Amino acid sequence: GYFMVFAVIIGGPIFISASAIAASLGYNIYLIFLISFIGEMAVDILFYYVGHYGRENIVDRYGRYFRLTPERIKKLEYLVIEHPWKTLFVIKYSPVPIPGFVLTGAVRLNFKKFFYILLALSVPKTFFFTVVAYFFSHAYNSYIKYYDYGQYLLISAVILYVATSYLFGYFQKKFQNNNGKY
């Protein structure tokens, strides 16, 4: 039910869309949106705190696997402190935002500022994916019956093509055997 919606939000937009499709099948869309939004925020905050409390253990130790050299960490620290909106926008809407949120926590961005920026960025993202998937699912359900008609039309076209090809070949042979006379 609804708990599974919250549990799978860790996957991001794909699971928000899947939840919205479930909403089009009978779940409450407002509750789906709320759970998706809370899940989207919870994961980002979790990774912020992972970076905040584990800078020495995580970022310094495993940062090289994400090509986070000390020089790059200094540059990113400058960007997060001087341009938090732009930086968090790029992080939030990137395909893999986890290292960015960990680094945001590691550079000790003020949590209140982080929370409000994240709130402003998460609402439109969750709203967009929820609405698009919800209405796409309704459109799919209303147009699926035409797909069945399309199958019958395709089968009829194949049968008509095969019959026409056979008849064309039959009359062509007959015309050639009679030397062009019927």
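Residues numbered from 1 in each chain as written. Predicted model: local features only at pLDDT ≥ 70, side-chain atom pairs only at ≥ 80, totals over all residues. Heavy atoms only, no water.

Chemist: Just to check I follow, could you spell out the side chain of threonine 126 for this structure?
Modeler: Here threonine 126 lies in helix H8 (residues 111-177). Since its relative accessible area comes to 0%, threonine 126 is described here as buried. Of the polar contacts made by the side chain of threonine 126, one reaches the backbone oxygen of serine 122; its length is 2.9 Å. For threonine 126, the contacting residues outside a window of four places in its chain are Ile16, Phe33, Ser36, Phe37 and Glu40. (Helix = DSSP H or I, 4+ residues; strand = E, 2+ residues; numbered from the N terminus. Buried < 20%, exposed > 50% of the residue type's maximum accessible area, 1.4 Å probe, protein only. Polar contact = N/O pair within 3.5 Å; in protein donor to acceptor, adjacent residues only side chain to side chain. Contact = heavy atoms within 4.5 Å.)

Chemist: Looking at this structure, how should I read the pattern of salt bridges?
Modeler: Two side chains that carry opposite charge are able to pair once their charged atoms sit near each other. Summed over the entire model, instances satisfying the criterion amount to 4 salt bridges. The closest approach of N and O atoms between lysine 92 and aspartate 44, which form a salt bridge, is 2.4 Å. Pair noted here: lysine 92 is in helix H6 (residues 84-92) and aspartate 44 is in helix H3 (residues 29-53), with a separation of 48 residues, a long-range link. With respect to burial, lysine 92 and aspartate 44 carry one shared label: buried. What you see here is one network of salt bridges that share partners, running through Glu40, Asp44, Lys92 and Lys125. (Salt bridge = Lys/Arg side-chain N within 4 Å of Asp/Glu carboxyl O.)

Chemist: What should I look at first to understand the packing of aromatic side chains in this one?
Modeler: The way to describe two aromatic rings as a pair is by their centre distance and the angle between their planes. In this structure the tally under the stated criterion is 14 aromatic pairs. By way of ring pairs, the aromatic residues Tyr48, Tyr49, Tyr53, Phe101, Phe111, Phe114, Phe115 and Tyr116 are connected into one cluster. (Phe/Tyr/Trp six-rings, centres within 6.5 Å; stacked < 30°, edge-to-face > 60°.)

Chemist: In this structure, what is going on with a nonpolar patch on the surface? I would like to understand it.
Modeler: Together, Ile58, Tyr62, Tyr65 and Phe66 give the surface a local cluster of nonpolar side chains, amounting to about 450 Å² of exposed area. For phenylalanine 66, the position within the fold is in the loop between helix H4 (55-62) and helix H5 (70-82). (Patch = residues over 30% accessible without salt bridge, like charges linked within 9 Å, V, L, I, M, F, W, Y side chains within 5 Å. Areas by Shrake-Rupley, 256 points an atom, 1.4 Å probe, with all protein chains shown as cover.)

Chemist: Quick question: what am I supposed to make of the environment of glycine 54 here?
Modeler: Its place among the elements puts glycine 54 in the loop between H3 and H4. Residue glycine 54 is classed as buried on the basis of its relative accessible area, which comes to 7%. With 79 residues separating them along the chain, glycine 54 and alanine 133 place their C-alpha atoms 37 Å apart. Apart from residues no more than four positions distant in its own chain, glycine 54 is found in contact with Tyr49 and Val59.

Chemist: Explain the confidence of the model for the protein to me, please; I cannot follow it from the model alone.
Modeler: Confidence in the prediction of the protein, expressed as mean pLDDT, is 80, and 91% of residues score 70 or more. For the protein, per-element mean pLDDT is lowest for helix H1 (residues 2-8), which scores 56, and highest for H6, which scores 90. (pLDDT = per-residue confidence, 0-100.)

Chemist: Looking at this structure, how should I read the packing of H3 against helix H7 (residues 98-106)?
Modeler: The interhelical angle for the contact between H3 and H7, taken along N-to-C directions, is 50°, at an axis separation of 6 Å. As judged from the angle between their axes, H3 and H7 are oblique. Between H3 and H7 lies a crossing whose hand is right-handed. The segment H3 lies against H7, with Asp44, Phe47, Tyr48, Val50, Gly51 and His52 engaging Ile98, Phe101, Val102, Thr104, Gly105 and Ala106. Here the residues of the contact of H3 with H7 are counted per class, giving 7 nonpolar, 4 polar and 1 charged. (Axes fitted to C-alpha atoms, helices over the stretch in contact; angles between N-to-C directions. Parallel < 35°, antiparallel > 145°, perpendicular 65-115°, else oblique. Left-handed = near helix turned anticlockwise from the far one by under 90°. Nonpolar A, V, L, I, M, F, W, Y, C, P; charged D, E, K, R; others polar.)

Chemist: How should the nonpolar core be read in this particular structure?
Modeler: Here is a general trend for soluble globular proteins: nonpolar side chains tend to be buried in one another's company. Counting residues in each nonpolar core, the largest one holds 20 residues, and the members touching the most others are Val59, Leu88, Phe101, Leu103, Leu109, Phe114 and Leu118. Listing elements by their share of this core, those giving two or more residues are H3, H5, H6, H7 and H8. Judged by nonpolar contacts, the second largest core, of 6 residues, contains Ala20, Ala23, Ile29 and Tyr134. (Core = buried A, V, L, I, M, F, W, Y, C linked by side-chain atoms within 4.5 Å.)

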